[in-house]
Amino acid sequence: MTKTTPDALPAEGGPGDGPLLAVDNLHVEFQTRAGVVRAVNGVSYTVGAGETLAVLGESGSGKSVTAQAIMGILDMPPAVIPKGEIRFRGTDLLKLSEDARTQVRGQRIAMIFQDALSALNPVFTVGWQISEMFRVHRGMSKADGMKKAVELMDRVRIPAARQRVHDYPHQFSGGMRQRIMIAMSIALDPEVLIADEPTTALDVTVQAQIMELLADLQRESQMGLILITHDLGVVADVADKIAVMYAGRIVENAPVYDIYKAPAHPYTKGLLDSIPRVDLKGQELYAIKGLPPNLLDLPSGCSFNPRCPYRQDNCVTDAPPLYEISGVRSSACHYWREVLDGERQ
Amino acid sequence: MGRYVIRRLIQAIPVLLGATLLIFCIVFALPGDPIAALFGDKRPDPAIAEVLREQYHLNDPLLLQYWYYISGVLFRGDFGVNFADIPVSQIMAGKFQITLNLALTALTMEAVIGVGLGLWAALRRGKATDTMILASTLLLISVPTLVTGFVLQLLLGVKLKQWTGADIFPVAGTFAGWRSYLLPGFVLAGTSIAYLTRLTRTSLAETLRADYIRTATAKGLSRRRVVGRHGLRNALIPLVTYLGADLGNLMGGAVITETIFNLQGIGNQLFTSVYLREQPVVVGIVTVLVLVYILANLVVDLLYAVLDPRIRYE
Ligand SMILES: Nc1ncnc2c1ncn2[C@@H]1O[C@H](COP(=O)(O)OP(=O)(O)O)[C@@H](O)[C@H]1O
Ligand code: SF4
Ligand SMILES: [Mg+2]
């Protein structure tokens, strides 16, 4: 299969040093009537080919906005990106022309949304919507596009794909609908797939099946996978590494195993402690006290300081940088050592 | 689907009966004597008047009169005769065509201008074009048809002809073929154009906020395709409903326009017949209008199912 390559963009497997996709110190603001909403305040994460990055954080922490910035589907205005880079194979996507970005979108970086019922167009058949990728981007005929759609529906394990290709989204169950979204997103073999809470709207057994499907597809194609979630339990089995977000910032970046073993940020620690655990059954669940901050008026110093059990005086005045702990690990906490050692203050 | 249509048609019968009875009562309650009106200024011979009264059942109770009438319509397709013995169906036939032409012209203008302006405004939301379009719709809504009618007749009809020498927009009658309908069609469609513009703007703007629009963008489709294919197809649904329902309104509301432009349609006829207290003609016209309403609504509902696959009639 040939890929159209916009001028400024290296071809698949081409040069481009470093990771497949790197978000670097990204800032996104929304100009609203109430003021400037600082939704993303210096997010950095990377994902390599064949790698799965889980982006974890409470609702409102800026996970989706970051993803939409990568896709280039933010409404600008009201959104503005005052600072930061999004490097795809070494090229900063933010510096590309709108035309060049359209070439990347959907073909080389694709996205799956949370609620497949509202994310699929209600008035077109699922076959039409999947085959649109081939018709528009590959110039295929309607009939060939439909054949491809059936193949893809088979690939995401939708039973009786040949018959169901002519059905409309509302005629499918929630899980099947999400499979259709997935089929549509992987249609052109993207190099990066962003899944924004792909299982949140589904029940637990279906959640596991969808996760398994995503993991399988990723293994087959070696794409970089960014899994956005607010539920650590969902991604634990499939993720290679985790980026924890709080108030529009990454507070901890680490391999999954390391985070589970010993978190290096008080917020991550709070998240882990609030997961129900079989061995602690019957005990009251821990909950991080307080509320997420107002993005119109972020606290000075460390954004987490009003809720932090480790807080010291300098936390209120000095914003912590992302401290490098090891080559693969970093934490945005002045006292990451103490947290890592498990000393609750 | 077939069963649904039949059920809807059966449901329409009481509506039709109710509407005709109502209009029958209203016409009956009008002051004045139709037989006297027939003789104009002259005083009718009481004996002749009495014979005529008997012949047209004017001495019978109201409900009985209604029964004579409606049984003729239902069982013989006979809308009766007026007081000059001309069949009502014959009176209506040619006039109905004129009104239908007028209404269809108006509907086409509505669809083209209203939807067009609405799309334009939606795509330029908050910009000067948008504000200007919104302001002009407001103007169109607030100025009465009577005023737009006369003003346009004067400017585009009379004055334009004086200046250019060419009769581009005929101002009266139907002798110029389809061009005769342009000006009255626009006047009739005026407020509807304005409403449809606003409806289109709102509908498309709302559709463009939908999640599936974001998905379409994320698929790497051009803005044109996202709006024109994914957006418009969804935004169209309420517009078709509005257009369909408006056909009845346009036909029923043509009285003023037909009078201004001297079009001999059913609106004009209705006006004359109410004046002359020709019950059979008034009731006949209203019956046909009610039928048009009912059928237009049925067509809209069926179109709805075609446009929106989530809707199914069994
Ligand atoms: N169009 C917008 N206008 C103003 N604020 C927005 C807009 N989109 C998102 N936000 C704000 O950005 C913040 C981050 O949102 P989001 O990235 O969706 O969070 P999540 O981590 O739950 O995905 C939220 O507080 C939200 O209110
Ligand atoms: S910097 Fe201070 S307030 Fe922030 S997380 Fe670390 S200890 Fe808590
Ligand atoms: Mg989100």
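Residues numbered from 1 in each chain as written. Chains lettered and ligands numbered in written order. Predicted model: local features only at pLDDT ≥ 70, side-chain atom pairs only at ≥ 80, totals over all residues. Heavy atoms only, no water.

Attention shifts here to the site of ligand 2. Taken together, the residues surrounding ligand 2 are His265, Pro266, Cys302, Phe304, Asn305, Cys308, Tyr310, Cys315, Pro320, Cys333, His334 and Tyr335 of chain A. Considered class by class, the residues forming the shell around ligand 2 number 9 nonpolar, 3 polar and no charged. (Near = heavy atom within 4 Å. Nonpolar A, V, L, I, M, F, W, Y, C, P; charged D, E, K, R; others polar.)

What follows is about the pattern of salt bridges. All names here are of chain A. Applying the stated criterion across every chain, the model contains 22 salt bridges over all chains. As a salt-bridge pair, Glu98 and Arg105 come within 3.2 Å of each other at their nearest N and O atoms. Beyond isolated ion pairs, a larger network of salt bridges with shared partners links Asp24, Glu85, Arg87, Asp92 and Lys95. (Salt bridge = Lys/Arg side-chain N within 4 Å of Asp/Glu carboxyl O.)

With that out of the way, let us pick up the interface of chain B and chain A. How big an interface is tends to be stated in terms of accessible area lost as the parts join. If you look at the interface, chain B gives 18 residues, while chain A gives 25 residues. Taken as a group, Arg214, Lys219 and Pro309 of chain B account for 29% of the area that chain B buries against chain A, more than any other trio of residues on that side. One salt bridge connects Glu132 of chain A with Arg225 of chain B, and the closest N-O pair in it is separated by 2.7 Å. Viewed at the interface, chain A and chain B are joined by 11 residue pairs in polar contact (both at pLDDT 80 or more). Those elements that place two or more of their residues in the side of chain B that touches chain A are α9 (211–218) and α10 (223–252) of chain B. Looking at side-chain class alone, the side of chain B that touches chain A contains 6 nonpolar, 5 polar and 7 charged residues. (Contact = heavy atoms within 4.5 Å. Buried area = accessible area lost by both parts, 1.4 Å probe. Polar contact = N/O pair within 3.5 Å; in protein donor to acceptor, adjacent residues only side chain to side chain. Helix = DSSP H or I, 4+ residues; strand = E, 2+ residues; numbered from the N terminus.)

All names here are of chain B. The UniProt feature table records "transmembrane region" (unreviewed entry) at residues 12–30, 98–121, 133–156, 176–196, 239–261 and 281–307. Secondary structure within residues 133–156 divides into 92% helix and 0% strand; the distance between the first and last C-alpha atoms comes to 21 Å. Structurally, residues 239–261 comprises 87% helix and 0% strand, and the distance from its first C-alpha atom to its last is 29 Å. (UniProt positions renumbered as here; feature names shortened; annotations may be inferred.)

Turning our attention to the nonpolar core. In this structure, Tyr45, Ile109, Ile194 and Ile226 of chain A are the most contacted members of the largest nonpolar core, which totals 106 residues. Apart from the residues within four sequence positions on either side, Ile194 of chain A is in contact with Ala67, Ile70, Met71, Ile109, Ala110, Met111, Ile112, Ile226 and Ile228 of chain A. Leu152, Ile193, Ile260 and Val281 of chain B belong to the second largest nonpolar core, which has 49 residues in total. (Core = buried A, V, L, I, M, F, W, Y, C linked by side-chain atoms within 4.5 Å. Buried < 20%, exposed > 50% of the residue type's maximum accessible area, 1.4 Å probe, protein only.)

This part covers the site of ligand 1. Residue and element names in this part refer to chain A. The environment of ligand 1 is formed by Phe30, Thr32, Ala39, Glu58, Ser59, Gly60, Ser61, Gly62, Lys63, Ser64, Val65 and Leu295. Gly60 has a polar backbone atom sitting 2.6 Å from an oxygen atom of ligand 1. Elements that contribute at least two residues to the shell around ligand 1 include exactly β1 (21–32) and α1 (63–71). The leading source of residues in the shell around ligand 1 is α1, at 3 residues. Grouping the amino acids of the shell around ligand 1 by side-chain chemistry returns 4 nonpolar, 6 polar and 2 charged.

Residues and elements named next belong to chain A. The 4 strands are arranged β2-β1-β4-β5 in an open sheet whose pairing can be described as antiparallel. For this open sheet the edge positions go to β2 (35–47) and β5 (91–92), each flanked by a neighbour on one side alone. Where β1 lies against β2, 10 bridges are found, and the strand directions are antiparallel. Opposite Leu21, over in β2, you have Val47 as the bridge partner. Across the face of the sheet, α1 comes into contact with β1, β2 and β4 (79–88) while running at roughly 110° to β1. (Pairing = 2+ DSSP bridges. Axes fitted to C-alpha atoms, helices over the stretch in contact; angles between N-to-C directions.)

Here, the residues flagged by UniProt with the feature "domain: ABC transporter" (unreviewed entry) are residues 21–272 of chain A. Within residues 21–272 of chain A, the helical portion is 39% and the strand portion 28%, while the C-alpha atoms at the span's ends are 27 Å from each other.

In this section: the sheet that holds strand β11 (residues 323–326) of chain A. Residues and elements named next belong to chain A. Strand order in this open sheet of 8 strands is β6-β7-β8-β3-β9-β10-β12-β11, and the pairing throughout is mixed. At either end of the open sheet lies a strand with only one pairing partner, and these are β6 (109–112) and β11. Sheet twist, expressed as the average angle between the axes of neighbouring strands with direction ignored, equals 20°. Bridge count for β6 against strand β7 (residues 192–196) is 4 bridges, and the pairing is parallel. Bridging across to β7, Ile109 finds its partner in Val192. Against the sheet, helix α8 (residues 204–221) touches β3 (52–56), β6, β7 and β8 (224–229), its axis set at about 160° to β8. Each of β3, β9 (241–246) and β10 (249–255) touches helix α11 (residues 266–273); the most contacted strand, β9, lies at about 105° to it.

Residue and element names in this part refer to chain A. Along the chain, Met76 connects to Pro77 via a cis peptide bond; the corresponding omega equals -10°. Among the structural elements, Pro77 can be located in the loop between α1 and β4. With a phi angle near 55°, Ala160 is a residue other than glycine that sits in the positive phi range. Among the secondary structure elements, Ala160 is positioned in the loop between α5 (142–155) and α6 (161–164). Although it is not a glycine, Gln222 adopts a positive phi angle of roughly 60°. Tracing the chain through its elements places Gln222 in the loop between α8 and β8. The class for Gln222 is partly exposed, based on a relative accessible area of 46%.

It is worth spelling out the packing of helix α5 (residues 88–123) of chain B against helix α8 (residues 182–207) of chain B at this point. When two helices pack together, their arrangement is given by the angle between the helix axes and the distance between those axes. Residues and elements named next belong to chain B. Across the interface, α5 lies against α8 with an axial gap of 6 Å and an inter-helix angle of 35°. Remark: the crossing between α5 and α8 carries right-handed chirality. Residue classes in the contact of α5 with α8 are distributed as 19 nonpolar, 7 polar and 2 charged. (Left-handed = near helix turned anticlockwise from the far one by under 90°.)

Glancing now at the confidence of the model for chain B. With 91% of its residues at a pLDDT of 70 or more, chain B shows a mean pLDDT of 81. For this predicted complex, the interface confidence reaches an ipTM of 0.85, while the overall pTM sits at 0.78. (pLDDT = per-residue confidence, 0-100.)

This part is about the packing of α5 of chain B against helix α13 (residues 279–307) of chain B. Residue and element names in this part refer to chain B. At their nearest, the axes of α5 and α13 sit 10 Å apart, and the two run at 50° to each other. When the interaxial angle is binned, α5 and α13 end up oblique. Relative to α13, the crossing made by α5 is right-handed. Together, Val88, Ile91, Met92 and Phe96 of α5 and Pro280, Val281, Gly284, Ile285, Val288 and Val292 of α13 make up the contact between the two elements. Classifying every residue of the contact of α5 with α13 by side-chain character gives 9 nonpolar, 1 polar and no charged. (Parallel < 35°, antiparallel > 145°, perpendicular 65-115°, else oblique.)

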